[in-house]
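Spelled out, the chains give:
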Amino acid sequence: MSARTFVMGALHHARASAVLMARAGRDRVAREALVALRRAADGAVGSPRPPWSEAPLQLTFRPPQRWANISDYEAFVLAALVIEAGPEAAFEFGTFDGYSAWVIAANSRATVWTLDLPPGTFPRGNAPGDVEAARELARAGGVGALVRGDPRVVQLLGDSATFDFSPYLGKMDFVFVDGNHAAPWVEADTRHALEMVRPGGMVVWHDCDRRHPAVWACVGTLAAQRPVRSVPGTRFAVLVVP
């Protein structure tokens, strides 16, 4: 399955889920997600429209609690991608408060290993927003606050530049890259992600935009060699590994 087919199938499933939520009047997030999903899915499909499924998924998400987190729409899309991928094992670079790890775990049967710096440690590299995010996180309950004690999530502490990834190589079905945004870490995390993911698995990068030039450059370079796809309306880039 190509990355484009995977992404667009997930978008159509997610849009159907948002339709049900919005019709039920569940909450503001559902209505806003529905608008964003319709714009992204319809705008990217073009005409004539391929026969992607409109069956809803049982998406599980909750509004992010911190400013540096994934958006509500991104939570919908991440949940849809996870359900489409159906991982048994997942790895995350950059826990922050644990919201994205929670979304991955809640929408799959996977054990999620998530890596972040030890408490009280500030990211090196001076990437835009990283130090400010670390300070906000310290005030908000610390690393992994939303998944603390969750048996589905294994919290790992360390710097990804020196962490030993050997136990995870070739064993992951889904890898989410959202760690240090400075170039040496983005490049190392990307290399390790590609080493960890199994054939047929998925790698998703967050913050792939021009506000994060190292992520943008690293993923752009990779996209010249592999079929990396962006997800409309998000800061995600997606690779389905052959």
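Structure: see above.
Note that the coordinates shown come from a computational prediction; the quantities given were computed from them, not determined experimentally.

Caption draft 1: Quick peek at the packing of aromatic side chains. This model, assessed by the stated rule, comprises 8 aromatic pairs. A centroid spacing of 5.5 Å and a plane angle of 40 degrees characterise the contact between Phe93 and Phe165, whose relative ring orientation is tilted. On the criterion of sequence distance, the pair formed by Phe93 in strand 1 (residues 89-93) and Phe165 in the loop between strand 3 (153-157) and strand 4 (172-177) is long-range, its members being 72 residues apart. Judged by relative accessible area, which is 1%, Phe93 ranks as buried.

Caption draft 2: Just the pairing of strand 7 (residues 237-240), in detail. Alternating positions in strand 7 separate into two faces, Ala237 and Leu239 on one and Val238 and Val240 on the other, with burial throughout. Pairing geometry for strand 5 (residues 197-205) and strand 7, over 4 bridges, is antiparallel. Residue pairing for strand 7: Trp205 is matched across the bridge by Ala237. As paired strands, strand 6 (residues 229-230) and strand 7 are joined by 2 bridges and run antiparallel to one another. Each residue of the ladder has a partner; that of Ser230, found in strand 7, is Ala237. Joining the antiparallel neighbours strand 6 and strand 7 is a turn of 6 residues, in which Gly233 adopts a positive phi near 80 degrees.

Caption draft 3: Fine view of helix 7 (residues 213-223). Ala214, Val215, Cys218, Val219 and Leu222 are the residues of helix 7 that are buried. End-on view of helix 7: buried residues confined to an arc of 115 degrees, all on one side of the axis. Where helix 7 is buried, its residues contact helix 6 (183-196), strand 5 and strand 7.

Caption draft 4: Up close: the sheet that holds strand 6. A sheet is described by the order of its strands in space; here 7 strands give the open sequence 3-2-1-4-5-7-6, paired in mixed fashion. The sheet is open, and its two edges are formed by strand 3 and strand 6, each paired on a single side. Of the strand pairs in this sheet, strand 1 and strand 2 (residues 111-116) are connected by 5 bridges, and their pairing is parallel. Along strand 2, the bridge assignment pairs Ala89 with Thr111. In the packing of helix 4 (residues 99-106) onto the sheet, the strands contacted are strand 1, strand 2, strand 3 and strand 4, and the crossing angle to strand 2 comes to about 170 degrees.

Reading guide: rules and limits
Residues numbered from 1 in each chain as written. Predicted model: local features only at pLDDT ≥ 70, side-chain atom pairs only at ≥ 80, totals over all residues. Heavy atoms only, no water. Phe/Tyr/Trp six-rings, centres within 6.5 Å; stacked < 30°, edge-to-face > 60°. Helix = DSSP H or I, 4+ residues; strand = E, 2+ residues; numbered from the N terminus. Buried < 20%, exposed > 50% of the residue type's maximum accessible area, 1.4 Å probe, protein only. Pairing = 2+ DSSP bridges. Arc of directions from axis to C-beta. Contact = heavy atoms within 4.5 Å. Axes fitted to C-alpha atoms, helices over the stretch in contact; angles between N-to-C directions.

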